[in-house]
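Per-entry structural report
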Amino acid sequence: MKLIFLCLYSWVAIQCFLVAVGYAMGKRNVLKRLLCFFFFLAGGLAVVHYTYRFTGFFITAPQFAFFHDVIELCFGPLIYLLSSYCYKERILTSLFAHFAPPLAYLLYFVGVKLQVAPSFDLAAYVASNEHTTLVYFILFSFLFYTFATYRKIKQIRQRGMPISFLSGAWLNIFFIFLLLKSVHLLVLFFFKVYYNELWFSNTVLRTAVDLLFFLSLAMVLMAQENTSFFRRFLRFKTSDTGQFERLGQLSEHNFLTISSTIDEKHIRQCSEALYPLIYKEKVYVRPDLDQKALAAAIKMPSRHITRLLNFYFQTNFNEFINYFKVNEAKRLLQRQNSAPIKMLSISMDCGFKSESAFYANFRRFTGTTPKKYREKS
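Residues numbered from 1 in each chain as written. Predicted model: local features only at pLDDT ≥ 70, side-chain atom pairs only at ≥ 80, totals over all residues. Heavy atoms only, no water.

**Section: the pattern of salt bridges**
Following the criterion strictly, the structure yields seven salt bridges and no others. A salt bridge links Lys181 to Glu72, with the nearest nitrogen and oxygen atoms 3.1 Å apart. Taken together, the residues span a long stretch of sequence, with Lys181 in helix 8 (residues 165-194) and Glu72 in helix 4 (residues 66-88) at a distance of 109 residues. Taken as a pair, Lys181 and Glu72 share a single burial class, namely buried. (Salt bridge = Lys/Arg side-chain N within 4 Å of Asp/Glu carboxyl O. Helix = DSSP H or I, 4+ residues; strand = E, 2+ residues; numbered from the N terminus. Buried < 20%, exposed > 50% of the residue type's maximum accessible area, 1.4 Å probe, protein only.)

This is how it looks when you write it as structure tokens:
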């Protein structure tokens, strides 16, 4: 069993550190800095958790025992910081006050428990009411920030605030992570307070709790490669006109600029292969076009298109294609002639399967109707 957990925790820790390094070395923005910090904490927690549970390191070196609890206390404030950034589009300095509890505990443990106290016995400390209170506070922290993050998600959805595809996906992922961690800590707290003897004697129970802890981190790692599902898990309402203004207009110049900055070889090749199809051949006007057909056209796996759109253009396939269809419709509507083209013909020429889909998408991306847009042009 110990060997199994060694493999599981090694996989989680190594993957978390690699993802953190990837975010640290890639194109930097506030969101990616927060993600980098989160994955460093997650990797460190996996190492500390395994070391605490399956080795005697903290018995021989109890002065490092504070790592586990300090990291646990940092997760909630960090995720709340990320949700607040998505809501305000900036980080307020006052939000860093949320990190006061982990800092206070760190100072207390190092300054009082290790320096002032004559000796420090880890086993006695873990069994004490003092540590039980700390576990209670950590549980409260996760429950509080789970609720706070959900409120931010709800506010973003209700107000129809424009939010990038990637930010929305990570909000959902971290909300689920907080839920899983809250359940994990509820079980720990329940048995620590009420069934302490059963907790230390029941191997099956402790194994189940360890697996729940592993699942919470593994879920985040797997989600890191597939944000599209989690973007749809809790749908955000986006404003009619704000979505692509946040992403930058996808002109030929911007498309090529983004492609040139992509470090991943296969994803950059995918972007370069898409360029002539989008801007020269206008493949998006095909009404039967889907992601599988587009992947076949460039002779690359569909997952490369998903990663390109999710992580670099911060959108998904349907939004990406509909954006170009609407741009084509705008071009046709700007034509000046004595006999304006009928809206049904324009919708068909742009690749929309129906006139209603054309109207809905046009209004969504421009904030007006095709008729009013033509009149203004």
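**Notes on the nonpolar core**
Nonpolar side chains tend toward joint burial in soluble globular proteins. Residues Phe38, Phe39, Phe75 and Val220 are the most contacted members of the largest nonpolar core, which totals 73 residues. Discounting chain neighbours no more than four positions away, the residues touching Phe38 are Phe75, Leu78, Ile79, Phe174, Phe177 and Val220. With 39 residues, the next largest nonpolar core counts Tyr279, Tyr284, Phe320 and Phe324 among its residues. (Core = buried A, V, L, I, M, F, W, Y, C linked by side-chain atoms within 4.5 Å. Contact = heavy atoms within 4.5 Å.)

**Examining the packing of aromatic side chains**
For the coordinates displayed, the defined rule picks out 32 aromatic pairs. Ring centres 5.9 Å apart and planes at 50° place the aromatic pair Tyr9 and Tyr50 in the tilted group. Placement of Tyr9 in helix 1 (residues 2-25) and of Tyr50 in helix 2 (residues 30-54) is noted, with a sequence separation of 41 residues between them. Like Tyr50, Tyr9 is buried. (Phe/Tyr/Trp six-rings, centres within 6.5 Å; stacked < 30°, edge-to-face > 60°.)

**Thoughts on the packing of helix 13 (residues 252-260) against helix 14 (residues 265-279)**
Axis separation between helix 13 and helix 14 bottoms out at 9 Å; the angle between their running directions is 165°. Taken together, the axes of helix 13 and helix 14 are roughly antiparallel relative to one another. In the packing of helix 13 onto helix 14, the handedness of the crossing is left-handed. For the pair helix 13 and helix 14, contact is made by Glu252, Phe255, Leu256 and Ser259 and by Arg268, Ser271, Leu274, Tyr275 and Tyr279, respectively. Taken together, the residues that form the contact of helix 13 with helix 14 break down as five nonpolar, two polar and two charged. (Axes fitted to C-alpha atoms, helices over the stretch in contact; angles between N-to-C directions. Parallel < 35°, antiparallel > 145°, perpendicular 65-115°, else oblique. Left-handed = near helix turned anticlockwise from the far one by under 90°. Nonpolar A, V, L, I, M, F, W, Y, C, P; charged D, E, K, R; others polar.)

**Digging into a nonpolar patch on the surface**
A grouping of Phe17, Val21, Met25, Phe40 and Val47 is seen on the molecular surface, where their side chains present a nonpolar patch of about 440 Å² in accessible area. Of all the elements in the fold, those that place two or more residues in the nonpolar patch are helix 1 and helix 2. Examining the composition of the nonpolar patch, we find that three residues originate from one element, helix 1, more than from any other. Among the structural elements, Phe17 can be located in helix 1. (Patch = residues over 30% accessible without salt bridge, like charges linked within 9 Å, V, L, I, M, F, W, Y side chains within 5 Å. Areas by Shrake-Rupley, 256 points an atom, 1.4 Å probe, with all protein chains shown as cover.)

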